[in-house]
Amino acid sequence: MDDFGPQTDIQIDTSPLFALERVQYTPPAAIAALAVSSDVLVMGLVNNVLVLIELSREEQVLQIPIPRKPSEFNIHKIFLDPLGRHLIVTSTQGENWYLYRGWKKPRLLKSFKMIIESVAWNKAALISSSRSTSTREMLIGARNGTVYEAMLDAEEDFFKSQERYLQNVFALPERQPITGIDFNFFPPTDPKRALVVVTTPSRIYQFVGSPDRRSEDGGRIFPSLFASYRDTAPKILELPGNIDHSELHVYSPNADQAHSLPKSIAWMTAPGIYHGTLNFDSPSDDLIDSAELLPYPVFPSSPSLSPTRRTPELGAPPASMSLTEFHFVLLYKDRVVALSNLNEQLTYDEVLPLKPSETIRGLTSDPIRKTYWVYTDQSLFELGVRNEDRDVWKVYLEKGKYDLALQHAKTASQRDVVTASQARAFFDEGRYFQAAHAFAQCSVTFEDVTLKFLDVGQRDALRSYLISRLERTKRGDLSQRIMLATWLVEFYLSKCNELDDLVASESASHDVANLQAERTMVEDDLRHFFETYKANLDPNTVYELIQGHGRTEMYLHYATVIGDYKRVVEHWILEEEWTMAIDVLNRQSDLELYYRFAPTLMRQAPKETVDSWLRQQSLDPLRLVPALLRLQHVPRDPLSPNQAIRYLNHVIFEQGNTSPTIHNLIITFYASSPSLQPSTSSGHPEDDGPLLRFLSTAPSDPLTGKPYYDLDYALRLCKQTGRTQPCVHIYAKMGLWESSVDLALEKGDLELAKINADMPPEEDRQLRKRLWLKIAKYVVQDKQDIKAAMRFLENTDLLKIEDILPFFPDFVVIDDFKEEICTALEGYSAHIDALKAEMDEATRNAEAIKQDIAGLKKRFITIDAGEMCSVCGLVLLSRQFYVFPCHHTFHADCLIGLTKEYLPAFSLRKIINLQSELVKITQQTPLDRNAIANPSLHTPPPSRQPTTQRTLLSATFAPAQNGARAANSLGRNILSAGDRLRDLIVPDALASVVTAPAGWIPGIGGGGRRQGEKGGEKRMEKLRRELEDVLTASCPLCESVVAGVDAPFVKEGEVDTSWAL
């Protein structure tokens, strides 16, 4: 095993290549011939019986006799198509029979009058049309040296026999038996040519040509192909010998596929086995490539001779042979042997367990299932292919075919041996990069490989080896991966420096461009290596290596790859490449780096820095305040915008920042910004424009309505910097209107003072007038411009000329404002006239109202004598009554009882107070209650007894001598009863006191009254009218409907029984 590498512990596979096993079946007679195809086994016995066995169902054995006596018919050979459906039996007498699967008896082929030695089936057509009953086109080789094309069809047809046609297509000149025949159409996808191989005991022929048509079209296809060789000889190879038989075999790896072509061919002849590969792409007529003649082995006569001493010397031909993928299987009289078709060595030898009287018959194979069978006259053996390719890898390795050896190596150790041998071969041939790749895949020690490449100075190949080893090293072997990766970095850097030196030394040479291109490739490889294996590199070590070689670009690239942007930014800052530093910040997402380098970058490149901040929305503006303050005292071109203000404006108005610190900071920048104009004591309003715009548009707290910045701080800052207009604006924001106007006037800004004077709410006219008076006083006294003061009055409607006259000097000339005074006096005169007109109109309206009231007193309604009360239903004229415009009529007591139910509490209290007062007056001035209760009758009707009313009044109100005490008691009851006000109102009692005097109703006369009673009557009349106003304000029936809309139909505590059944 020394040739295979350093390993000596390869496990040797000793499993057999083939296994010979006897089939447990005893034929009823001696076996004459055997054929196997597609797991269908057919035996021809000497008693002319055919035994059919389907190997998938071995228990079913079918015996079909041929209707011929053994003395008349002797089976010579049997031929079975690839699918196992068509069987042809030939005899030594030249009689042939045909059997189709499923038939109970064979049929005689009457036109087939020859001894058939070989048959070539149309494998492609048969497999493509598996349901067809036809054999399709086939070639038959006869003992007389003639080639026939024939077709059989098992379909039952009364007018046709199974023999569709039989045609002689070619006759060999030497008339020897055709022992083997085979044909194939190629190329498989579009078969335009055909190869026919014919063998005799000493010759092999190759016929190549175009068939008449495609085989699937039906009909004869070979006549024209063979006709082309009537005048020209085909490709012939002659191997003379002293045997009268030979065999032709082809091997196809995918024989079960319709369009598969055979791979190899073998011809058993007297000198040996002529074999080779079939090359269907060959332009010549010789399609057999790598043809060789393998002599037969000689077996020692002494059984004690070791098998390893056997030599392939010329020996006797075998009785039969078969072809496998890697072996020639030979059948001798007493044994079965196998020779490798790769190295022609004997790899299998097994003696047949024959009986003394038993003789071998032949060796056959199933081309579809790849099974092999040995049969004698009495027994049947199966030669099983077990581990045929066991040593194939080793054979290919010995031949130097490493790819094929790897393809057939089964174990890791075998592949390792092959790879190691291939690596050494590459190394010896000087193919160092291929050797490096192969060494990386085998187990040759790392030290040996490294020293090999270092000894020959192949550092580039060694670099390739290290990369391959790194790719194949397990991720868990971290230390090994780090070592390999670090060493590779050193190799790359050294190679770059080496190429730099070559470029510098050969600057005048034509190879400079190639060297530069190679250097670029190496640098790209190193960059890619950093990206791929960054997890297997120690950053500090790599930084030291790169700095040691002076590769700044690689230094920055590696830092970028591992995300060490801090180091990259620091490098560009040290180089004062501010834009490059900002670009690096933009490509990363660590916010801390923004904060770390913000002060430096803001001072050196403010615009680019702010652009970077604006792209990163996640920054905290508060942490950038120190950097922003750097710009406050930095000299700046007045024409260039302040970048700090630009950023703060974006934060406030675009991002909606509400931090008071940010809002105060932008005011600081606005207030401290240098003026574009020379500063004066009064300042320049245009300089305050940006600050004023911010103060006016700055967002406010929606809850408090106040701006987020500190008003006190902003006011103090604006005062310090002399910003008058912003101060006035801030005073207005604080609601200090007088201070804002005073400051504007102090600075002489009259227009600003006017604007602020109009800012207070419209409803606070006193404050607004006071502010305008301040402005007027300033105009008159400080400006001493009388005409301007007069024009000033036109700006507001709050001031008149008399308001500003006190501000004029005592000795002012009236000519300056004479017209204004006249205009004012005329206005006052017109106003007085308007007021007088309004007063006259009001007087006229009052007189009209009095007349309407007087007219209302004389209204009357005509009613029927039998009109009923809307409450009690009694005759209305039976006692005092009321009639409403809605034509509802009520007795006085009924009206009182109904009205008290809906009147509000204050009306009820008023009624009770009037009731008490009327009771007092009634006790002091007795009335003729009978006359009052029924003024139309001097004697009361019997149905209404005055005594009952007097009794009620006596019961409700106290006697005359106790009137004062009763009134006091009633008052206490009113106060204590609370919500029982309605219970304190007695309708009958009130009905007696609200009755009109006798002379009040038309047609009713009244007696005279004493002079002493007139005062009490006037008082009582007034109270009575007040009580009537309350009671008759509206119809109680109509009013109660409106007031009771939301009242429930069933009162609380009342049981509704209307739904009861």
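- The protein chain appears in an unreviewed UniProt entry as Pep3/Vps18/deep orange domain-containing protein from Somion occarium.
- Quoted verbatim from the Sequence similarities (unreviewed entry) field of the UniProt record, the comment on the protein chain reads "Belongs to the VPS18 family."
- Per UniProt, the protein chain carries the Subcellular location (unreviewed entry) text "Endomembrane system".

**Focus: the overall build of the protein chain**
Logical step 1: Helix and strand content of the protein chain: 37 helices and 30 strands.
Logical step 2: Pairs at least 24 apart in sequence give 53% of the contacts found in the protein chain among residues at least 6 apart.
Logical step 3: On the protein chain, roughly 56,400 Å² of surface is accessible, and the fraction owed to carbon and sulfur atoms is 51%.

**Let's talk about the nonpolar core**
Taken as a class, soluble globular proteins show a tendency for nonpolar side chains to be buried jointly.
Logical step 1: Core analysis: the biggest nonpolar cluster contains 115 residues, and Phe439, Phe453, Tyr465, Trp613 and Tyr647 have the highest contact counts within it.
Logical step 2: It is helix 9 (residues 478–505) that contributes the most residues to this core, ten residues altogether.
Logical step 3: Excluding residues that lie within four positions of it along the chain, Tyr647 makes contacts with Val610, Trp613, Leu614, Leu619, Pro621, Leu624 and Leu628.
Logical step 4: With 36 residues, the next largest nonpolar core counts Val89, Tyr98, Leu126 and Ala142 among its residues.

**Examining the pairing of strand 8 (residues 96–100)**
Logical step 1: Counting buried positions along strand 8 gives five out of five residues, so the element sits mostly inside the fold.
Logical step 2: Two elements, strand 7 (residues 86–91) and strand 8, share five bridges in a ladder whose sense is antiparallel. When the bridges of strand 8 are listed, Thr90 appears paired with Asn96.
Logical step 3: What sits between strand 7 and strand 8 in their antiparallel hairpin is a turn of four residues, with Gly94 showing a positive phi close to 90°.

**What to know about the packing of helix 7 (residues 446–455) against helix 8 (residues 459–472)**
Axis angle and axis distance: for two packed helices, these are the angle between their axes and the distance between the axes, and together they describe the pair.
Logical step 1: Where helix 7 contacts helix 8, the two axes come as close as 8 Å, and the packing angle between them is 160°. One way to sum up the angle between helix 7 and helix 8 is to call them roughly antiparallel. When the axes of helix 7 and helix 8 are compared, the crossing they make is right-handed. For the pair helix 7 and helix 8, contact is made by Phe446, Val449, Thr450, Phe453 and Leu454 and by Arg459, Ala461, Leu462, Tyr465, Leu466 and Arg469, respectively.
Logical step 2: Among the residues making up the contact of helix 7 with helix 8, the classes are represented as eight nonpolar, one polar and two charged.

**Here we look at the packing of helix 9 against helix 10 (residues 512–532)**
Logical step 1: The N-to-C vectors of helix 9 and helix 10 enclose an angle of 160°; their axes lie 9 Å apart at closest approach. The orientation of helix 9 relative to helix 10 falls into the category roughly antiparallel. Classified by chirality, the crossing of helix 10 by helix 9 is left-handed. Two secondary-structure elements touch here, helix 9 through Ala485, Leu488, Val489, Tyr492, Leu493, Lys495, Cys496, Leu499, Asp500, Leu502 and Val503 and helix 10 through Val512, Leu515, Gln516, Glu518, Arg519, Val522, Glu523, Asp525, Leu526, Phe529 and Phe530.
Logical step 2: Along the lines of polarity and charge, the residues of the contact of helix 9 with helix 10 split into 15 nonpolar, one polar and six charged.

**Considering helix 14 (residues 578–586)**
Logical step 1: Turning to helix 14, its buried residues are Trp578, Ala581, Ile582, Val584 and Leu585. Along the axis of helix 14, the buried residues cluster in a sector spanning 155°; they form a single face.
Logical step 2: Contacts made by the buried residues of helix 14 are with helix 13 (565–574), helix 15 (591–604) and helix 16 (606–615).

**Structural notes on the environment of Ile368**
Logical step 1: Positionally, Ile368 belongs in the loop between strand 26 (360–366) and strand 27 (371–376).
Logical step 2: Between the alpha carbons of Ile368 and Gly84 there is a distance of 9.9 Å; along the sequence they are 284 residues apart.
Logical step 3: If sequence neighbours within four positions are ignored, Ile368 has contacts with Ser37, Ser38, Pro82, Ala255 and Asp256.

**Points about the pattern of salt bridges**
Here the idea is simple: oppositely charged side chains can pair when their charged atoms come close.
Logical step 1: Overall, the coordinates contain 35 salt bridges when judged by the stated rule.
Logical step 2: In this structure, the salt-bridge partner of Arg386 is Glu21, at a minimum N-O distance of 3.1 Å. Taken together, the positions of Arg386 in the loop between strand 28 (380–385) and helix 3 (392–398) and Glu21 in strand 1 (residues 18–22) put the pair 365 residues apart, joining distant regions of the chain.
Logical step 3: Given a relative accessible area of 47%, Arg386 falls into the partly exposed group.
Logical step 4: Of the charged contacts, one joins Arg1024 and Glu1021 as a salt bridge, the two residues approaching to 2.2 Å between their closest N and O atoms. Note that Arg1024 and Glu1021 are positioned in helix 36 (residues 1014–1031) at a spacing of three residues, about one turn of the helix. Residue Arg1024 shares its accessibility class with Glu1021, and that shared class is buried.

**Describing the sheet that holds strand 4 (residues 49–54)**
Paired through backbone hydrogen bonds, the strands of a sheet run either parallel or antiparallel to each other.
Logical step 1: The strand order across the open sheet formed by four strands is 2-3-4-5, and the pairing between neighbours is antiparallel. Edge positions in the sheet fall to strand 2 (31–37) and strand 5 (57–65), since each has one partner strand and no second. Going from strand to strand, the sheet's axes swing by 15° on average, the running direction of each strand aside.
Logical step 2: Sheet topology note: the strand 4/strand 5 ladder contains six bridges and is antiparallel. Note that in strand 5 the partner of Leu52 across the bridge is Leu62.

**With respect to helix 6 (residues 432–441)**
Logical step 1: What helix 6 keeps buried is the set Ala435, Ala436, Ala438, Phe439 and Ala440.
Logical step 2: Considering only its buried residues, helix 6 is in contact with helix 5 (412–428), helix 7 and helix 8.

The rules we used
Residues numbered from 1 in each chain as written. Predicted model: local features only at pLDDT ≥ 70, side-chain atom pairs only at ≥ 80, totals over all residues. Heavy atoms only, no water. UniProt positions renumbered as here; feature names shortened; annotations may be inferred. Helix = DSSP H or I, 4+ residues; strand = E, 2+ residues; numbered from the N terminus. Contact = heavy atoms within 4.5 Å. Areas by Shrake-Rupley, 256 points an atom, 1.4 Å probe, with all protein chains shown as cover. Core = buried A, V, L, I, M, F, W, Y, C linked by side-chain atoms within 4.5 Å. Buried < 20%, exposed > 50% of the residue type's maximum accessible area, 1.4 Å probe, protein only. Pairing = 2+ DSSP bridges. Axes fitted to C-alpha atoms, helices over the stretch in contact; angles between N-to-C directions. Parallel < 35°, antiparallel > 145°, perpendicular 65-115°, else oblique. Left-handed = near helix turned anticlockwise from the far one by under 90°. Nonpolar A, V, L, I, M, F, W, Y, C, P; charged D, E, K, R; others polar. Arc of directions from axis to C-beta. Salt bridge = Lys/Arg side-chain N within 4 Å of Asp/Glu carboxyl O.

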